[in-house]
Amino acid sequence: MNNVNITIDGLAITARSGMTVLQAALANGLYIPNLCNHPDLAPAGLCRVCVVKVDNKKIAISCKLPVQDGMAISTEDPEVMQIRKSSVELLVAYHPLTCLTCEKDNDCELQRVAHYVGVTQEGMKRYRRSVRTIPKDTSNPFFDIDHSKCIMCGICIRTCDELQNINAIDYAQRGVSCIVATLGNKPIAQSRCESCGECVVRCPVGALAVKTAQAPMREVSSICTYCGVGCGLFLGVRGDRIVSVRGDRNNPVNKGSLCVKGRFGYDFVNHPDRLKTPWVKKDGKLVEASWDEALDLIADNFSKSKGDGFATLASARMTNEDNYLLQKFTRSVMETNTIDHCARL
Amino acid sequence: MTNSINEIIGAKAILAIGTNTTQAHPIIALQVKKAARNGAKLIVANPKEIDLCRHATLFLQHRPGTDVALLMGMIRVIVDQGLADTTFIKERCDNYDEFVASLSEFDLARVEQITSVPAALIKKAALMYAENSPASILYCMGITQHSHGTDNVFAISNLALVTGNIGKPSTGVNPLRGQNNVQGSCDMGALPNVYPGYQKVDDPKAMEKFETAWQKKLSPVPGLTHTAIFDKIYDGTVRSLYLVGENPVISDANSSHAVAALEKLPFLVVQDIFMTETAQMADVVLPAATFAEKDGTFTNTERRIQRVRQAIAPKGQARPDWQIVCDIAKRMKSQGFDYANPQEIMTEITSVTPSYAGITYDRLEQGGIQWPCPTKDHSGTPILHAAEKGLFATASGRAKLMPLSFRESAELPDDAYPLLLTTDRSLFHYHTGSMTRRVDGLNQLDSEEQLNINPKDAKRLGIADKEMVNISSRRGQVSAKARVSRICPPGIVSMTFHFAESPTNVLTSGALDPVAKIPETKVCAVRVGKQ
């Protein structure tokens, strides 16, 4: 693909032809405020925040504007500033200003954009009448939908359509009543939603938020423990507990995507049912025991059943290193090749 | 998989057979759906009208257990229409003439009769697969869990070979493997007939190699497979079983047999993260660490070896599995089990496993590597059997086309048990549910076993939607809630096996594939009745 040269606020940059002006700017580290844009999704041109002036003549939305050689873009033209400020003021007109307790505080695109375009108390008053109050949809066990925080960017709808091909949600109703809804506006848990949480991850505001979200103190890069796809993820840790899972966008297998089990199915690690000590059977009943007691019992019994009297069932859930040692133990210590695992089940 | 996950998107045609991809492999399903959206021809072959059908160009709803007939019928169309890749066959395949002779059994009229798929649709699918290159085949347990599972896989391989869809990007024979590290467990020799890297235990050279590496005398006799182990426990030969991270009381086909065997077993050690149904029968239960509590590697379905990292300390006195094995070995006064960490174990693995020889933990820091990776400077192998270096694993190095004939499943519906039960999986649960049933949210989203039954069958039996019903086979009875829907065609019902309260595998058949020894959990005969 060819490269084209354009200028943004006088700065010469090179972009690949076929890119939009917004993509070219962001790729070159230049911020143009935007809300409905997401790098994984096709440009939508809905929020009108990414407006720029082209060749000092016309106003255009940069997320829909293909780069052309010699194009001169201005992002700080007075007319541009006026339009995007009004757009943002309209977006926050109904928005609850409960930022401090909001899930997305400090990670909110609306905050970032409002700050960048210079929304003021005065300016907000122009449009502000009341906060929209629509009951939260709390039917999904993993995330809540708070319509009053929704800015109608459609990123959730497009994620569910373009990336997931599930189409559980779409716009419903008209005008100021317009909301993101499931078919028949039923609670999300009664829709075809698969609870993958991909929309929650991409929501730029707090309209879609994980129910029990806690910010992790640190994250550890690992691999999902469920199916054989092997998605890369980050385990979020707080104290001695796993509190979050985030898809690894750099992993070539899943490129950041996760399914409902991978993203939300980690509570078993922290579950009170976890085995915490060895158990041995005494008088027909399993009772807690020490490692020494358990290992002695095992060593004694295993020593007497080497060869044909012994069998190992390994596990497709263990690591390679675990499995390697288990077969080495079976073959070299227990003197038999009778080791198999659950591959066929 | 012969090919890689990220190549699926580049296929012009995709045949997804015996895989309920959106439920069992949702992240691979994203690629399949995206490919279909971009214009790839998606052919879904499944006895059930699964979710993926919404995205399919063609849907072949064949009778369970008739995959050989369906696939060989498609191949016959391809050969008859002159669409076979004769150059590829000449250069890289053996046995073509014998193979073509075996196609005479599969004229479309007979195939239609066997599979219940209209001949015209089979022809359309065959042409669609053959004329849209590159074409990829995805399959899963719907292909393998049959008393003729090996034949089913041969049929898939035949289809790919005849059209030259192997060894090139976005083609291939691609099994979607179930457990996170089922590929790695096989690679590591957790199998009765092979050492790590599929080196045969009855090959004297391989045995000598491992005797030298481990400084121990080894047995040249292949061991017992999973199902045979339970038979030998039952007859008293096997007296001690060391069972790690597995729950056969729920997961084994005809699970009552597994339970009866375990009840007779003198000494059972179970190593797991929960007190599973199987652990409750043990003489000793050992607490293991979860994936989040240990270091190591998993190998995924596309043969990619990736690093698993410890995030938190093991709960209570739980220990990583590798450490427990070392503890037992040392307690038995055995040499060769002194490892400081999994990295040292990987160093030993790479010294005896040619396909892993180039792997190091340092290299894995930069991302996963697909085996074969024979040297430290080899970048891994995304595509197997590529023309320039990819010999096939046969004596001649050429692929063998396999003549096949159709065999019915071991147990078909009859007057006493008139419905065919096939097992399936839910997006929200994993295997026997020992993990996912302990995640409240997943339990809310899918809380109980459901029997999918067609409205025609439900009406005939007087069963209403959401009514509790009894399902019985020659081996046992379970109860579950009926879900009346058109997902299953008339005559076929389906259940998952995630719920210990409705242990579906009490019903399933223990009939085995003669080669792979896999049980036929995809086909058995049942009766459904009101409670």
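The structure displayed is predicted, hence computed values, not measured ones.

Our focus in this paragraph is the overall build of chain A. A tally of helices and strands in chain A yields nine helices and 16 strands. Taking 345 residues into account, the globule formula puts the C-alpha radius of gyration at 20 Å, and chain A, at 28 Å, lies well above it. Referenced to the eigenvectors of the C-alpha coordinate spread, the extents of chain A come out at roughly 90 × 50 × 35 Å. Burial analysis of chain A (345 residues in total) assigns 47% to the buried set. Sequence-distant contacts, at least 24 apart, represent 54% of the contacts inside chain A between residues at least 6 apart.

Helix and strand counts for chain B stand at 19 helices and 21 strands. Relative to the 2.2 N^0.38 estimate, which gives 24 Å for 531 residues, the radius of gyration of chain B is 24 Å and therefore close to what a compact globule would have. On the principal axes, the C-alpha backbone points of chain B span a range of 65 × 60 × 40 Å. The 531 residues of chain B split such that 59% are buried. When contacts within chain B are restricted to residue pairs at least 6 apart in sequence, those whose partners lie at least 24 apart make up 69%.

Residue and element names in this part refer to chain B. Taken together, five strands build an open sheet; the order of strands is 3-2-1-5-6 and the sheet is parallel. Of all the strands in the sheet, just strand 3 (58-60) and strand 6 (173-175) have a single pairing partner and so form its edges. Across this sheet, the average inter-strand angle for adjacent strands is 15°, counted without regard to direction. Where strand 2 (residues 41-45) meets strand 3, three bridges bridge the pair, whose relative direction is parallel. Its bridge partner being in strand 3, Ala-45 is matched across the sheet by Leu-60. The strands touched by helix 9 (residues 149-162) are strand 5 (135-139) and strand 6; relative to strand 5, the strand with the most contacts, the crossing angle is about 175°.

Moving on: the domain arrangement of chain A. All names here are of chain A. Here chain A is described as being made up of domain 1 (3-122), domain 2 (132-213), domain 3 (214-274) and domain 4 (305-344). Measuring from the centre of the C-alpha atoms in domain 2 to the corresponding centre in domain 3 gives 23 Å. Across the side of domain 2 that touches domain 3, the residue classes tally to three nonpolar, three polar and two charged.

Rules behind the numbers
- Residues numbered from 1 in each chain as written.
- Chains lettered and ligands numbered in written order.
- Predicted model: local features only at pLDDT ≥ 70, side-chain atom pairs only at ≥ 80, totals over all residues.
- Helix = DSSP H or I, 4+ residues; strand = E, 2+ residues; numbered from the N terminus.
- Rg over C-alpha atoms; globule rule 2.2 N^0.38 Å.
- Buried ≥ 20, exposed ≤ 12 C-beta atoms within 10 Å, placed from the backbone.
- Contact = placed C-beta atoms within 7 Å.
- Pairing = 2+ DSSP bridges.
- Axes fitted to C-alpha atoms, helices over the stretch in contact; angles between N-to-C directions.
- Domains from an automatic or database assignment.
- Nonpolar A, V, L, I, M, F, W, Y, C, P; charged D, E, K, R; others polar.

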